[in-house]
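Structural overview
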Amino acid sequence: MNTETEIAFQEDVLLLEEVIDLKNLVVYNDDVNTFDHVIDTLIAVCKHTPEQAEQCTYLIHYKGKCTVKVGTFEELESMCSAIHDRGISADIV
């Protein structure tokens, strides 16, 4: 059996819960852009470490696409545009 204090605490915790709709920023493979260009773009735009950027670039190359960042649409929108500006195909899904 819950005490009044426990019930009040549980209600407060439920009120603090927020639903966040997270999206994926996906970069797609192409036959135009070099590995170095994609790596440099991921470092500059997504703030990846060189190792993260290289791993994502290999996944993009061999799997055809890779989720390079997860966040809200608002967080990812400018990154997606910056990737497009560099001639690389990307979508927020």
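Structure first, text after, so check above.
Residue indices begin from 1 for each chain and proceed along its sequence in written order. At least 70 in pLDDT is required for a residue's local features to be given in this predicted model, at least 80 for side-chain atom pairs to be given and counted, and no such filter applies to totals for whole chains, interfaces and linings, which use all residues. The basis for the side-chain values is all heavy atoms of the structure; hydrogens and waters are excluded.

Regarding the state of the cysteines
Working definition: a disulfide is two cysteine sulfur atoms within 2.5 Å of each other. Scanning all chains against the criterion turns up 0 disulfides. With no disulfide of its own, Cys56 lies closest to Cys66 among cysteine sulfurs, the gap being 3.9 Å. Classification of residues uses two cut-offs on accessible area relative to the type maximum, computed with a 1.4 Å probe and protein chains only: under 20% is buried, over 50% is exposed, and between them is partly exposed. Residue classification places Cys56 among the buried positions, given a relative accessible area of 11%. You can see Cys80 has no disulfide; the closest cysteine sulfur is in Cys46, sitting 9.4 Å from it.

Some thoughts on unusual backbone geometry
Even without being a glycine, Lys47 presents a positive backbone phi close to 60 degrees. Relative to the assigned elements, Lys47 resides in the loop between α2 (35-46) and α3 (50-63). Only DSSP runs of H or I with at least four residues qualify as helices, and only runs of E with at least two residues qualify as strands; both kinds are numbered from the N terminus onward.

Describing a nonpolar patch on the surface
Patches here are clusters of residues that have more than 30% relative accessible area and form no salt bridge, with a 9 Å joining cutoff for like charges and a 5 Å cutoff for nonpolar side chains (Val, Leu, Ile, Met, Phe, Trp, Tyr). For every accessible area listed, the method is Shrake-Rupley and the probe measures 1.4 Å; residues are considered covered only by the protein chains on display. The salt bridge definition used is simple: a Lys or Arg side-chain nitrogen within 4 Å of an Asp or Glu carboxyl oxygen. Residues Ile20, Leu22 and Val70 make up a contiguous nonpolar surface patch of roughly 290 Å² in combined accessible area. Following the sequence through the fold, Leu22 ends up in the loop between α1 (4-16) and β1 (23-28). Taking relative accessible area as the criterion, Leu22 reaches 52% and is therefore assigned exposed.

Some remarks on the environment of Cys56
With respect to the secondary-structure elements, Cys56 resides in helix α3. When the C-alpha atoms of Cys56 and Leu42 are compared, they prove to be 8.5 Å apart, with 14 residues separating the residues in sequence.

Details of the nonpolar core
In this description, a nonpolar core means a group of buried Ala, Val, Leu, Ile, Met, Phe, Trp, Tyr and Cys residues linked to one another through side-chain atoms lying within 4.5 Å. If you look at the biggest cluster of nonpolar residues, it comprises 19 residues, and the most contacted ones within it are Leu25, Val27, Leu42, Cys46, Val68 and Ile83. Every element with two or more residues in this core is listed here: β1, α2, α3, β2 (65-71) and α4 (73-85). Apart from the residues lying within four places of it in its own chain, the contact partners of Ile83 are Leu25, Val27, Thr41, Val45, Cys46, Ile88 and Ala90. We call two residues contacting when some pair of their heavy atoms lies within 4.5 Å.

Some remarks on α4
Multiplying 1.5 Å by the residue count of a helix minus one yields the expected span of that helix. In this model α4 runs 18 Å from its N-terminal to its C-terminal C-alpha over 13 residues, within 8% of the 18 Å that 1.5 Å per residue would give. Turning to α4, its buried residues number three or more, namely Leu76, Met79, Cys80, Ala82 and Ile83. Seen end-on, α4 carries its buried residues on one side only, within an arc spanning 165 degrees. The exposed set on the far side of α4, more than 90 degrees from its buried face, consists of Glu74 and Asp85. Elements that come into contact with the buried residues of α4 comprise β1, α2, β2 and β3 (90-92). In the stretch just after α4, Gly87 is the one whose phi turns positive, near 80 degrees. What the arc covers is the set of directions going from the helix axis to the C-beta atoms.

Points about the side chain of Thr57
Within the element layout of this structure, Thr57 appears in helix α3. The residues contacting Thr57, other than those within four sequence positions of it, are Phe35, Val38, Ile39 and Leu42.

Concerning the packing of α2 against α4
Geometrically, a packed helix pair is captured by the angle between its two axes and the distance between the axes. Between α2 and α4, the least distance of the axes is 10 Å, while the angle of their chain directions is 150 degrees. Here α4 runs roughly antiparallel to α2, going by the angle between their axes. Seen from above, α2 lies across α4 with right-handed handedness. Between α2, through Thr41, Val45 and Cys46, and α4, the contact on the second element is made entirely by Met79, Ala82 and Ile83. Ten residues, namely Ala, Val, Leu, Ile, Met, Phe, Trp, Tyr, Cys and Pro, are considered nonpolar, four, namely Asp, Glu, Lys and Arg, are considered charged, and the remaining ones, Gly among them, are considered polar. For the contact of α2 with α4, a count of residues per class yields 5 nonpolar, 1 polar and no charged. Axis angles are defined between N-to-C directions and span 0 to 180 degrees, where every axis is a line fitted to C-alpha atoms and, for a helix, only to the segment in contact. Small angles under 35 degrees read as roughly parallel and large ones over 145 as roughly antiparallel, with 65 to 115 read as roughly perpendicular and the rest as oblique. By the definition used in this description, the sense in which the near helix is turned from the far one sets the handedness, with an anticlockwise turn below a right angle giving left-handed and a clockwise turn giving right-handed.

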